[in-house]
Amino acid sequence: MRERLEMLKQEAVAAISEATRLEELRDIRVRYLGKKGELTSVLRGMGSLPPEERPVIGGVANEVRQVLESRLQEKEAWLEEAALEERLASERIDVTLPGMNPATGSLHPLNLVLEQIEDIFTGLGFQVAEGPEVEVDRYNFEALNLPKDHPARDMQDSFYITPEILLRTHTSPVQVRVMESREGTVPIRIICPGKVYRRDDDDATHSHQFTQIEGLMVDTHVSMSELHGVLLAFIEQMFGAGTEMRLRPSYFPFTEPSVEVDIFHPEKGWVEILGAGMVHPRVLERAGYDPEQVSGFAFGMGAERIAMLKYGIDDIRHFYNNDLRFLRQFRSE
Ligand code: DAH
């Protein structure tokens, strides 16, 4: 019986040392040390031994159990460690690999400029207003002192939808809409960015659809010098401190007097950037304001023109062709 125990021990020790997985160890434990395992079945035969040998064999059996138990534990710990190491190795992250570069979009140069313009004017106390692109003749022209037979309508070739409805040719109708909605109250300080439409043939400087920003200020004592001050503040923030500006007399039916505003561009010399003037008394009146009590100035500029001057863009069609090589240049890093 002693030999059987010895053999069993050797067999089990060999099995343990060969085991490569934790499950195998579990099977070995059951097979040799479990209730129905081999050691138990050997011990079951102890009854047939002479009484004096029983404690001796019992001692040997215990020793075998202890040896196997400790080998199993050792091997178990070793396999667990190896499994952990394997997992760590397989899950390892190489922090020195270059990261993935997610493709980020960027603002369209026009929106970039519009945001800057809005920032500048909101900083000066203006609010941003909006109006419809499909407009009625009354707001687009008549309320702006441009009756149906007025020759100045020729300045803006229009897309008519019906004789009374058109795509707005400028953002000036928003002036009238805002004044009407304020019902005679002052002050009004708004700018209105938006798309406008003209029946132009597209070329480097013309587009049948472009973007304007309208400005309007109405209050009790608004004068031409306020217009000058606001525009100069805008121009210096947009094109740099010290940028020179000049006003030239001009004509718009909705302002009196009217001016065109130029800035001095280092390469191009004097360039026109917007139209402006004191809101015509008839425009104020039609919108519910008493021209004896209040006065106002207005201006209108083309966003593309501002962007072209600021970024040295030579063709207005770049804004609408969506060539990524063009657009990517305006990515902010
Ligand atoms: N609406 C004019 C245009 O599209 C621009 C303009 C000029 C707007 C003078 C104004 C202004 O508000 O006062 O050509």
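Computed from a prediction, not measured in an experiment: that's the story for all the values here.

The rules behind the values
Residues numbered from 1 in each chain as written. Predicted model: local features only at pLDDT ≥ 70, side-chain atom pairs only at ≥ 80, totals over all residues. Heavy atoms only, no water. Pairing = 2+ DSSP bridges. Helix = DSSP H or I, 4+ residues; strand = E, 2+ residues; numbered from the N terminus. Axes fitted to C-alpha atoms, helices over the stretch in contact; angles between N-to-C directions. Patch = residues over 30% accessible without salt bridge, like charges linked within 9 Å, V, L, I, M, F, W, Y side chains within 5 Å. Areas by Shrake-Rupley, 256 points an atom, 1.4 Å probe, with all protein chains shown as cover. Salt bridge = Lys/Arg side-chain N within 4 Å of Asp/Glu carboxyl O. Buried < 20%, exposed > 50% of the residue type's maximum accessible area, 1.4 Å probe, protein only. Parallel < 35°, antiparallel > 145°, perpendicular 65-115°, else oblique. Left-handed = near helix turned anticlockwise from the far one by under 90°. Contact = heavy atoms within 4.5 Å. Nonpolar A, V, L, I, M, F, W, Y, C, P; charged D, E, K, R; others polar. Phe/Tyr/Trp six-rings, centres within 6.5 Å; stacked < 30°, edge-to-face > 60°. Lys NZ or Arg CZ within 6 Å of the ring centre and 35° of its normal. Domains from an automatic or database assignment. Near = heavy atom within 4 Å. Polar contact = N/O pair within 3.5 Å; in protein donor to acceptor, adjacent residues only side chain to side chain. 1 Å grid on protein atoms, 1.4 Å probe; cavity = no way out; pocket = protein on both sides within 12 Å on 5 of 7 lines; lining within 4 Å. Sits in = over half its atoms within 2 Å of the grid points.

## Remarks on the sheet that holds strand S4 (residues 165–167)
Within the open sheet, the three strands sit side by side as S2-S4-S3. Their pairing is antiparallel. One side of each edge strand has no neighbouring strand; the edge strands of this open sheet are strand S2 (134–136) and strand S3 (160–162). Neighbour-to-neighbour, the strand axes of this sheet turn through a mean angle of 35 degrees, independent of strand direction.

## Some details on a nonpolar patch on the surface
Side chains of Val134, Val136, Ile161 and Ile165 sit close together on the surface and give an oily, nonpolar patch of about 300 Å² of accessible area. You can call Ile165 partly exposed: its relative accessible area is 30%.

## Overview of the packing of helix H5 (residues 109–123) against helix H8 (residues 224–239)
At a minimum axis distance of 10 Å, the contact between H5 and H8 shows a crossing angle of 135 degrees. Relative to H8, the element H5 is oriented oblique. Every pair of crossing elements has a handedness; the one defined by H5 and H8 is right-handed. Between H5, through Val113, Gln116, Ile117, Ile120 and Phe121, and H8, the contact on the second element is made entirely by Val230, Phe234, Gln237 and Met238. The class makeup of the residues in the contact of H5 with H8 is seven nonpolar, two polar and no charged.

## Section: the sheet that holds strand S5 (residues 188–197)
Within a sheet, each strand pairs with its neighbour through backbone hydrogen bonds, oriented either parallel or antiparallel. What the seven strands build is an open sheet, ordered S1-S5-S6-S10-S9-S8-S7; its pairing is mixed. Bordering the open sheet on either side are strand S1 (127–128) and strand S7 (245–252), each of which pairs with just one other strand. Where S5 meets strand S6 (residues 209–219), 10 bridges bridge the pair, whose relative direction is antiparallel. Its bridge partner being in S6, Ile190 is matched across the sheet by Leu216. On top of the sheet, H5 reaches S1, S5, S6 and strand S10 (295–302); it is set at about 165 degrees to S5, its chief contact.

## Some remarks on the packing of aromatic side chains
Per the stated rule, a full pass over the model turns up 10 aromatic pairs. Taken together, a centroid distance of 5.3 Å and an interplanar angle of 25 degrees make the contact between Phe121 and Phe299 stacked. With Phe121 in helix H5 and Phe299 in strand S10, the pair connects residues that are 178 residues apart, well separated along the chain. Taking relative accessible area as the criterion, Phe299 reaches 1% and is therefore assigned buried. Look at Phe326 and Phe330: their rings are 5.2 Å apart centre to centre, the planes differ by 70 degrees, and that puts the pair in the edge-to-face class. In terms of burial, Phe326 and Phe330 fall into one category: buried. An aromatic cluster is built from Phe121, Phe126, Phe234, Phe297 and Phe299, whose rings are joined through pairwise contacts. In this structure, Arg138 packs its charged tip against the face of Tyr139, placed 4.6 Å from the ring centre.

## A closer look at the domain arrangement of the protein chain
Considered domain by domain, the protein chain is made up of domain 1 (2–90) and domain 2 (109–330). For domain 1 versus domain 2, the distance between C-alpha centres works out to 93 Å.

## Brief notes about the site of the ligand
The environment of the ligand is made up of 16 residues, and the closest members are His170, Gln175, Arg198, Gln212 and Glu214. The contact in question runs from an oxygen atom of the ligand to an N or O atom on the side chain of Arg198, over 2.8 Å. With the chains in place, 92% of the 350 Å² that the ligand exposes on its own is no longer accessible. Mapping the ligand onto the cavity grids shows that it belongs to the largest pocket.

## Here we look at the packing of helix H2 (residues 22–33) against helix H4 (residues 54–90)
Packing of H2 against H4 leaves a shortest axis separation of 10 Å and a crossing angle of 170 degrees. Considering the angle they form, H2 stands roughly antiparallel to H4. Facing H2, whose interface residues are Leu22, Leu25, Ile28, Arg29, Tyr32 and Leu33, H4 presents Arg65, Leu68, Glu69, Leu72, Lys75, Glu76, Leu79 and Glu80. Per-class residue counts for the contact of H2 with H4 are eight nonpolar, no polar and six charged.

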